[in-house]
Amino acid sequence: MRSHTILGFLALSFFVLTITGCEDDHVHPAGDHFEAIGVVLYRGDTAVFSILRGVTGDTLSIASGVTGEDYDVRFYDADERIVEADDDHSTLGWEIGDSSLLEVVQDPGKEGKFEFRLRGKAAGSTTLELQILHEGHADFRSGKIPVRVR
């Protein structure tokens, strides 16, 4: 009798966990996630910065008290081809290592689009990590991009 009670409890527990265990649907149809392996920043038609698989030998630079020119953000896909992100289904996100030194600025009406400018706040060195955000989470993180504020 006791083994039937334990089996009944386990079966009920399994049923409850199966039904309520995962309210957030993290399963997305294939193709919803953009699979990037790196970032290329452009000014106009010229590539000015690159980070691939989190590795770069480049450093971004901006003067303190200055808002720089626009960077257009493109990505390396799994075959290392440079492609644009789908801004209908994803947005640009970022994290700054020391936000007292640096700020990311997007023009009004272009929030979340894959373009930005840097604004130097104080001299020093910090990092910037660019992200592809999709449904509230990062599908991709660039790795730490060195930034020097002069």
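Conventions used here
Residues numbered from 1 in each chain as written. Predicted model: local features only at pLDDT ≥ 70, side-chain atom pairs only at ≥ 80, totals over all residues. Heavy atoms only, no water. Helix = DSSP H or I, 4+ residues; strand = E, 2+ residues; numbered from the N terminus. Buried < 20%, exposed > 50% of the residue type's maximum accessible area, 1.4 Å probe, protein only. Contact = heavy atoms within 4.5 Å. Phe/Tyr/Trp six-rings, centres within 6.5 Å; stacked < 30°, edge-to-face > 60°. Lys NZ or Arg CZ within 6 Å of the ring centre and 35° of its normal. pLDDT = per-residue confidence, 0-100. Pairing = 2+ DSSP bridges.

**Considerations on the overall build of the protein chain**
Here is step 1: When helices and strands are tallied, the protein chain shows one helix and 11 strands.
Here is step 2: Each helix and strand of the protein chain, placed in order from N terminus to C terminus, yields the pattern α-β-β-β-β-β-β-β-β-β-β-β.
Here is step 3: Across the 150 residues in the protein chain, those meeting the buried criterion constitute 31%.
Here is step 4: Relative to all contacts within the protein chain whose residues are 6 or more apart in sequence, the contacts with residues 24 or more apart total 62%.

**Examining unusual backbone geometry**
Here is step 1: Here the phi dihedral of Arg53 falls at roughly 55°; this positive angle occurs in a residue that is not glycine.
Here is step 2: As for its position among the elements, Arg53 is in the loop between β2 (46-52) and β3 (60-62).
Here is step 3: Look at Glu80: it is not a glycine, yet its phi comes out positive at around 65°.

**Here's the deal with the packing of aromatic side chains**
Here is step 1: All chains considered together, the criterion is met by three aromatic pairs.
Here is step 2: For the pair Phe75 and Phe114, a centre-to-centre distance of 5.7 Å together with 85° between the ring planes defines the contact as edge-to-face. Residue Phe75 is located in strand β4 (residues 71-77), and its partner Phe114 is located in the loop between β7 (102-105) and β8 (115-120); the two are separated by 39 residues in the primary sequence.
Here is step 3: Note on Phe114: relative accessible area 10%, which makes it buried.
Here is step 4: The rings of Phe75, Phe114 and Phe140 are connected pair by pair, giving a single aromatic cluster.
Here is step 5: For the cation-ring pair, Arg43 lies above Tyr71, with the distance from its terminal atom to the ring centre recorded as 4.1 Å.
Here is step 6: Its guanidinium or amino end placed over the ring of Tyr42, Arg74 lies 4.0 Å from that ring's centre, counting from NZ or CZ.

**Things to note about the side chain of Ser142**
Here is step 1: Position of Ser142 among the secondary structure elements: in the loop between β10 (137-141) and β11 (145-149).
Here is step 2: If sequence neighbours within four positions are ignored, Ser142 has contacts with Val39, Ile51, Gly54, Leu128, Glu129 and Leu130.

**Remarks on the environment of His134**
Here is step 1: Relative to the helices and strands, His134 is located in strand β9 (residues 124-134).
Here is step 2: Overall, the relative accessible area of 4% leaves His134 in the buried class.

**Some words on the confidence of the model for the protein chain**
Here is step 1: For the protein chain, the mean per-residue pLDDT works out to 83, and 78% of the residues sit at or above 70.
Here is step 2: Confidence drops under a pLDDT of 50 for residues 9-30, and excluding neighbours within four residues, the segment shows five contacts in the predicted structure.

**Focus: the environment of Leu60**
Here is step 1: Of note, Leu60 is situated in strand β3.
Here is step 2: Of the residues examined, Leu60 reaches a relative accessible area of 3% and is grouped as buried.
Here is step 3: Apart from residues lying up to four places away in sequence, Leu60 is in contact with Leu41, Phe49, Tyr71, Leu118, Leu128, Ile145, Pro146, Val147 and Arg148.

**Points about the pairing of β10**
Here is step 1: The sheet contact formed by β9 and β10 spans four bridges and is antiparallel. Bridge pairing in β10 links Leu133 to Ala138.

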